Amino acid sequence: MMRTVTKLLSGAFFAILATPATAAPLLYSYFENGSETARFTFVLDDKPRVSGLLNGTPREGFGVGTDLTLFWTTQPMGWYIEFFTLNSGGGFSALGATSGGFSAGQQLFSGSVTNPTMLTGRFNLVDQFIGTPGVLTVAAIPEPATWAMMMVGFAMVGGAARYRRRATKIAYA
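Residues numbered from 1 in each chain as written. Predicted model: local features only at pLDDT ≥ 70, side-chain atom pairs only at ≥ 80, totals over all residues. Heavy atoms only, no water.

A. Focus on the pattern of salt bridges. Throughout the structure, instances matching the rule amount to 1 salt bridge. Here Arg 39 makes a salt bridge to Glu 32, at a shortest N to O gap of 3.7 Å. Under the relative-accessibility criterion, Glu 32 is labelled buried at 12%. (Salt bridge = Lys/Arg side-chain N within 4 Å of Asp/Glu carboxyl O. Buried < 20%, exposed > 50% of the residue type's maximum accessible area, 1.4 Å probe, protein only.)

B. Local environment of the nonpolar core. Among the nonpolar cores identified, the biggest contains 22 residues, and Tyr 28, Ile 81, Phe 83, Phe 92 and Leu 136 are the most heavily contacted of them. Broken down by secondary-structure element, the contributors of at least two residues to this core are β1 (25–32), β2 (40–45), β3 (61–70), β4 (77–84), β9 (121–127) and β10 (133–140). Among the elements that line this core, the one with the most residues is β3, at 4 residues. (Core = buried A, V, L, I, M, F, W, Y, C linked by side-chain atoms within 4.5 Å. Helix = DSSP H or I, 4+ residues; strand = E, 2+ residues; numbered from the N terminus.)

C. Quick look at the pairing of β1. In terms of strand pairing, β1 meets β2 through 6 bridges, oriented antiparallel. Note on β2: the bridge partner recorded for Leu 27 is Val 43. Two elements, β1 and β10, share 7 bridges in a ladder whose sense is antiparallel. Of the residues in β10, the one forming a bridge with Tyr 28 is Val 138. (Pairing = 2+ DSSP bridges.)

D. Spotlight on the sheet that holds β9. On the basis of which strands lie adjacent, the closed barrel formed by 8 strands has the order β1-β2-β3-β4-β5-β6-β9-β10 and antiparallel pairing. When β4 meets strand β5 (residues 92–93), the two strands line up antiparallel, connected through 2 bridges. Each bridged residue has a counterpart across the sheet, and for Phe 83 the counterpart in β5 is Phe 92.

E. Local environment of the pairing of β4. Where β3 meets β4, 8 bridges bridge the pair, whose relative direction is antiparallel. Along β4, the bridge assignment pairs Gly 61 with Phe 84. Once β3 ends, the chain turns through 6 residues before running back antiparallel as β4.

Structure below.
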């Protein structure tokens, strides 16, 4: 009985511990023309704080500020990236980070431009100025609570595999 209560309480504790945060971080990596080295990477929440497009951008979308790390440096730099709706060609703009600055293809978010939810996956894009193909991969970054749950799960599986039931001896009179 005590073991069952302990198991239930520990399960409830870890279930509460693993509840998702309000915004999950996503890792963006952009690869050009079949390269195995990312041209740049940055982290952005799945529900970013958005602002308007830069002046002179004749497209529909939104902009975000982020720390972007280019392939030739390890120091992240402040950057402004714009994401566009499918009606405006999809994709994103990171002037100076991509070869021509604007890669189009698929829309990288769902929802509206004022309240977007960023998508995860692999997106095939094409640089609109010079025609270079590129791939943007977007993956979720596990939270510490997720790692903790995984470690506890491995420990429980290991404990269950190690546990042996003792044989019950029956004595007849």
